Amino acid sequence: MAVNVLVPQHPLIGHFLSVCRDRTTPMPQFRAAMAELGRWLTYETCRDWLPTQKVEIETPLDVKLSATRLDWEQPIAIVPILRAALALTEGCMPLLPHARVYHVGYRRDEETAEAHCYMSGVPDKLSPQERFLLPEPMLATGGTLIQLMQELTSRGADTAKIRVVSVIASRPALQRIGAAYPGLHITCAAIDDKLDERSYIVPGLGDAGDRAFGTE
Ligand code: URA
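Attention in this report is confined to the structure presented alongside it.

Thresholds applied
Residues numbered from 1 in each chain as written. Predicted model: local features only at pLDDT ≥ 70, side-chain atom pairs only at ≥ 80, totals over all residues. Heavy atoms only, no water. Near = heavy atom within 4 Å. Polar contact = N/O pair within 3.5 Å; in protein donor to acceptor, adjacent residues only side chain to side chain. Areas by Shrake-Rupley, 256 points an atom, 1.4 Å probe, with all protein chains shown as cover. 1 Å grid on protein atoms, 1.4 Å probe; cavity = no way out; pocket = protein on both sides within 12 Å on 5 of 7 lines; lining within 4 Å. Sits in = over half its atoms within 2 Å of the grid points. Nonpolar A, V, L, I, M, F, W, Y, C, P; charged D, E, K, R; others polar. Salt bridge = Lys/Arg side-chain N within 4 Å of Asp/Glu carboxyl O. Helix = DSSP H or I, 4+ residues; strand = E, 2+ residues; numbered from the N terminus. Buried < 20%, exposed > 50% of the residue type's maximum accessible area, 1.4 Å probe, protein only. Points joined across faces, edges and corners; volume = space filled by probe spheres on them. Pairing = 2+ DSSP bridges. Contact = heavy atoms within 4.5 Å. Axes fitted to C-alpha atoms, helices over the stretch in contact; angles between N-to-C directions. Parallel < 35°, antiparallel > 145°, perpendicular 65-115°, else oblique. Left-handed = near helix turned anticlockwise from the far one by under 90°.

Turning our attention to the site of the ligand. In the neighbourhood of the ligand, the contacting residues comprise Met 138, Ala 140, Ser 199, Tyr 200, Ile 201, Gly 206, Asp 207 and Ala 208. Here Ala 208 contributes a backbone N or O atom positioned 2.7 Å from an oxygen atom of the ligand. Burial of the ligand by the protein chains amounts to 88% of its free accessible area of 240 Å². Applying the majority rule of atoms within 2 Å of the grid points places the ligand in the largest pocket. Grouping the constituent residues of the shell around the ligand by class yields five nonpolar, two polar and one charged.

Applying the stated rule across the entire model yields 10 salt bridges. We note a salt bridge from Asp 192 to Arg 21, for which the minimum N-O separation is 2.9 Å. Taken together, the positions of Asp 192 in strand β12 (residues 185-192) and Arg 21 in helix α1 (residues 11-21) put the pair 171 residues apart, joining distant regions of the chain. A residue is classified by how much of its surface remains accessible, and Asp 192, at 5% relative accessible area, is buried. On the basis of relative accessibility, which here comes to 26%, the residue Arg 21 falls in the partly exposed class. The partner of Asp 210 in a salt bridge is Arg 83, and the shortest N-O contact between them spans 2.7 Å.

Below, the discussion takes up the layout of surface pockets. A probe as big as a water molecule, rolled over the atoms, marks out the empty space that is left. By volume, the largest pocket is sized at about 710 Å³. The set of elements that each furnish at least two residues to the lining of the largest pocket consists of β5 (81-82), β7 (104-108), β8 (115-120), β10 (138-139), α4 (143-154) and α6 (208-213).

Below, the discussion takes up the sheet that holds β5. The strand order across the open sheet built from three strands is β5-β7-β8, with neighbouring strands paired in mixed fashion. Across the chains shown, the open sheet's two edge strands, defined by having one partner strand only, are β5 and β8. As paired strands, β7 and β8 are joined by five bridges and run antiparallel to one another. Residue Arg 108 lies in a different strand from β8, and its bridge partner there is Ala 115. Packing against the sheet, α4 makes contact with β5, β7 and β8, and its axis sits at approximately 145° to β7.

Two elements in contact, α1 and helix α2 (residues 27-46), have axes whose closest approach is 9 Å; the angle formed by their N-to-C orientations is 150°. In terms of orientation, α1 and α2 fall into the roughly antiparallel class. Relative to α2, α1 is oriented so that their crossing is left-handed. Here α1 contributes Leu 12, Ile 13, Phe 16, Leu 17, Val 19 and Cys 20 to the contact with α2, which in turn contributes Gln 29, Phe 30, Ala 33, Met 34, Glu 36, Leu 37, Trp 40, Leu 41 and Glu 44. A class-by-class count of the residues in the contact of α1 with α2 yields 12 nonpolar, one polar and two charged.

What the rule picks out here adds up to one cavity of 30 Å³ or more. Within this model, the largest cavity holds a volume of roughly 50 Å³. Taken together, Leu 50, Pro 51, Leu 70, Asp 71, Trp 72, Gln 74, Ile 76 and Arg 131 make up the lining of the largest cavity. Taken together, the residues that form the lining of the largest cavity break down as five nonpolar, one polar and two charged.

Next comes the structure, spelled out in structure tokens:
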């Protein structure tokens, strides 16, 4: 079975994606564009996902209304994978100001392209009621995301309450993730067909972490 992929057709998303793909974009503009993508992709992800409640309010014109508010009593967490996801998360957080943020660190082995967890801020026990937003800018092989999903679900998270925000997802990653977590919701700005021999996405945008933080 496949993942549930949403690629929103929006001029703002198209614009900031092209800024990120352009090799001449300097670091500050690249990071700002990633944050914008985090904002707009989170906006699209949340459309049918955030819990709401009915409240009674009164307007300054003495009219009583039944209105809708977000229900912040229901827990939600953002889980950014260090370090490339930090730039994307900058844009996610203002939309979800009450969300907890559990940072995790995975380092990719350049030889095997497999990721190893070197740091986890995820609590030992998670509530199955908690919603999780996972910002992962580049879904190249999908290996890191699958490892993170395993970590979250082994600690009690409900797969159905997890959503992923990505900038570019490769087709091979979507297939692999779909086999492991059918129906998982992924919102991304683009789907690219291929990986190169180093497991970089082609055409892609290069190394998102290096470009966001000015490293090589
Ligand atoms: N990580 C990146 O930053 N870019 C890729 O193309 C693949 C993994």
